[in-house]
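Structural characterization, general
Below are the chains, spelled out letter by letter.
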Amino acid sequence: MQRIITKNWLRLSLIFLVSFGISLTIASAARTMIFPAQPAEEETDPQLEISTTENNTVKVPEFQTTIDSWLTKLPEDTEVGIAIYDLDVATPIASSNANTVLPNDSFGRWLMSYDGYRQIALGLATAEELLASDYYAEYSLADCLEANLTNNNSVCTSALNSDSARQTRIDALLNERGLMQTNYTAHTTTAYELGEFLQSSWNDPDLPETYRESLHSAIANQNLSDGFTVLDSPENDKTYLIVVLKNKEEDASLDVSLEMLLELLKNTVLIV
């Protein structure tokens, strides 16, 4: 009797296991039909993101190395202040003695022209108004502002400088920009402050495009011996402002050295 019960129990257990397995298979197939498998989301490769970012980064030329090397070749009694700017950025990307106060005659003329352009833009002066004359010509305000940027026209400079209100506005402008080491009447400034002024003027949204273009053209045509110029880098679509002030305004050998520096900086841009 006991053997019969055991056999029946084993038979029932086997039937149950087989039936359960079939039920699981049917249920799994039905679930797949009702809820199709979704494609797995692609994971972003972190390294790929880093590589993409790095490829889009503009490489900055090694200006600091170039100017440091150039400085070692100058006579010991020569003092220069250097500041190099990416004209899209408000801080120097390379510098040396940039906060040292040094003479520069160009800055005063540029301040006068910039003030004149602002006055015209604000409607407080007229570009066509007669400002000065000599034996050869009459000069409107616009004529004098442009001449003041591109050459030292003594007639225009005297006429612009004789306006006491202009001098007051320039003092206010220097305070407004925080250019506290620049002395307009003494013709002294620092490479940092001259660079700050030129960089902000280059992108000044308050100046009409025509006047901004006049500033751009004048800066580009300036000799480094006058204190500043620009270098274009088509490879990374950048324009760099080079400011160099020196303690010897009239020094032919130093001017030759400045020409060498400019060539070295051009080569530095080319190898980016």
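Description of the structure in this document. In this text, all values refer to a predicted model and were calculated from it rather than measured experimentally. Per chain, residue numbering runs from 1 following the sequence as it is written. Thresholds applied to this predicted model are a pLDDT of at least 70 for local features of residues and 80 or more for the giving and counting of side-chain atom pairs; totals over whole chains, interfaces and linings are not thresholded and use all residues. Heavy atoms throughout the structure, all of them, feed into the side-chain values; hydrogens and water do not.

Describing unusual backbone geometry
Stated precisely, the cut-off is as follows: Only runs of H or I of at least four residues qualify as helices and only runs of E of at least two qualify as strands under DSSP, and these elements are numbered from the N terminus.
We note that N97 has phi near 50°; this positive angle belongs to a residue other than glycine. With phi around 60°, H187 is a residue other than glycine that occupies positive phi space. Topologically, H187 is positioned in the loop between α7 (164-177) and β6 (188-189).

Details of the environment of A94
Which entries qualify depends on this criterion: Working rule for contacts: check all heavy atoms of both residues, and any pair within 4.5 Å makes them a contact.
Mapping A94 onto the fold places it in strand β2 (residues 94-96). Measuring from C-alpha to C-alpha, the distance between A94 and I84 comes to 5.2 Å, with 10 residues separating the pair along the chain. Each residue touching A94, except ones within four places of it in the same chain, is listed here: F63, Q64, I67, I82, A83 and I84.

What to know about helix α5 (residues 141-150)
Here is the rule: For every residue, the accessible area (1.4 Å probe, protein chains only) is compared with the maximum for its type, and the residue is labelled buried under 20%, exposed over 50%, or partly exposed between those bounds.
Among the residues making up α5, those that are buried are L141, C144, L145, A147, N148 and L149. Elements that come into contact with the buried residues of α5 comprise α4 (106-121), β4 (130-133), β5 (138-140), α6 (154-161), α7 and α9 (209-220).

Some words on the packing of α4 against α5
What counts is decided by this rule: Where helices are involved, their axes are fitted lines through C-alpha atoms of the stretch in contact, as for all axes, and angles between N-to-C directions lie from 0 to 180°. An angle below 35 degrees is treated as roughly parallel, one above 145 as roughly antiparallel, one from 65 to 115 as roughly perpendicular, and anything else as oblique. In a left-handed crossing the near helix is turned counterclockwise from the far helix by less than a right angle, and in a right-handed crossing that turn is clockwise. Each residue receives one of three labels: charged for Asp, Glu, Lys and Arg, nonpolar for Ala, Val, Leu, Ile, Met, Phe, Trp, Tyr, Cys and Pro, and polar for the others, Gly being one of them.
At a minimum axis separation of 8 Å, α4 and α5 run at an interaxial angle of 150°. Our classification of the angle between α4 and α5 gives roughly antiparallel. Between α4 and α5 lies a crossing whose hand is left-handed. Across the interface between the two elements, R109, W110, M112, S113, G116, Y117 and I120 from α4 touch L141, L145, E146, N148 and L149 from α5. Of the residues contributing to the contact of α4 with α5, the split by class is 7 nonpolar, 3 polar and 2 charged.

Comments concerning the state of the cysteines
Where we set the bar: A pair of sulfur atoms, both from cysteines and within 2.5 Å, is called a disulfide here.
Enumeration according to the criterion identifies 1 disulfide in this entry. With its sulfur 2.1 Å from that of its partner, C144 forms a disulfide with C156. What sets the handedness of the C144 and C156 disulfide is the S-S torsion sign, and at about -70° it is left-handed. Residue C144 is found in helix α5, and its partner C156 is found in helix α6; the two are separated by 12 residues along the sequence. Here C144 and C156 have matching classes, each one buried.

A few points about the side chain of T189
Operational definition: Nitrogen and oxygen atoms within 3.5 Å of one another constitute a polar contact, given that in protein one can donate a hydrogen and the other can accept it, and given that sequence-neighbouring residues count only through two side-chain atoms.
Structurally, T189 can be placed in strand β6. Since its relative accessible area comes to 0%, T189 is described here as buried. Engagement of the side chain of T189 in a polar contact is seen with the side chain of T182, the distance being 2.6 Å.

Notes on the pairing of strand β8 (residues 238-246)
Formally: Between any two strands, pairing holds if DSSP finds at least two bridges.
With 8 of 9 residues buried, β8 is to be regarded as a mostly interior element. The pairing of strand β1 (residues 80-86) with β8 spans 7 bridges and is antiparallel. From the neighbouring strand, Y85 faces β8, where its bridge partner is L241. With 6 bridges connecting them, strand β7 (residues 228-233) and β8 associate as antiparallel partners. Bridge pairing in β8 links T229 to I242. Between β7 and β8, which pair antiparallel in sequence order, lie 4 residues; one of them, D237, sits at a positive phi of approximately 55°.

Quick word on the pattern of salt bridges
Our working rule: Within this document, salt bridges are pairs made up of a side-chain nitrogen of Lys or Arg and a carboxyl oxygen of Asp or Glu, the two lying within 4 Å of each other.
For the structure shown, the criterion picks out 8 salt bridges. For D163, the salt bridge goes to R166, with nearest N and O atoms at 3.7 Å. Owing to a relative accessible area of 28%, D163 belongs among the partly exposed residues under this scheme. Note on R166: relative accessible area 6%, which makes it buried. Between K266 and E263 there is a salt bridge; the shortest N-O distance is 3.5 Å. One end of the pair is K266 and the other is E263, both in helix α10 (residues 252-270) and 3 residues apart, which spans about a single turn. K266 gets classed as partly exposed once you look at its relative accessible area, which sits at 35%. A single network of salt bridges, built from pairs that share partners, joins D115, D163, R166 and R169.

On their own, these measurements won't tell you what the molecule is for.
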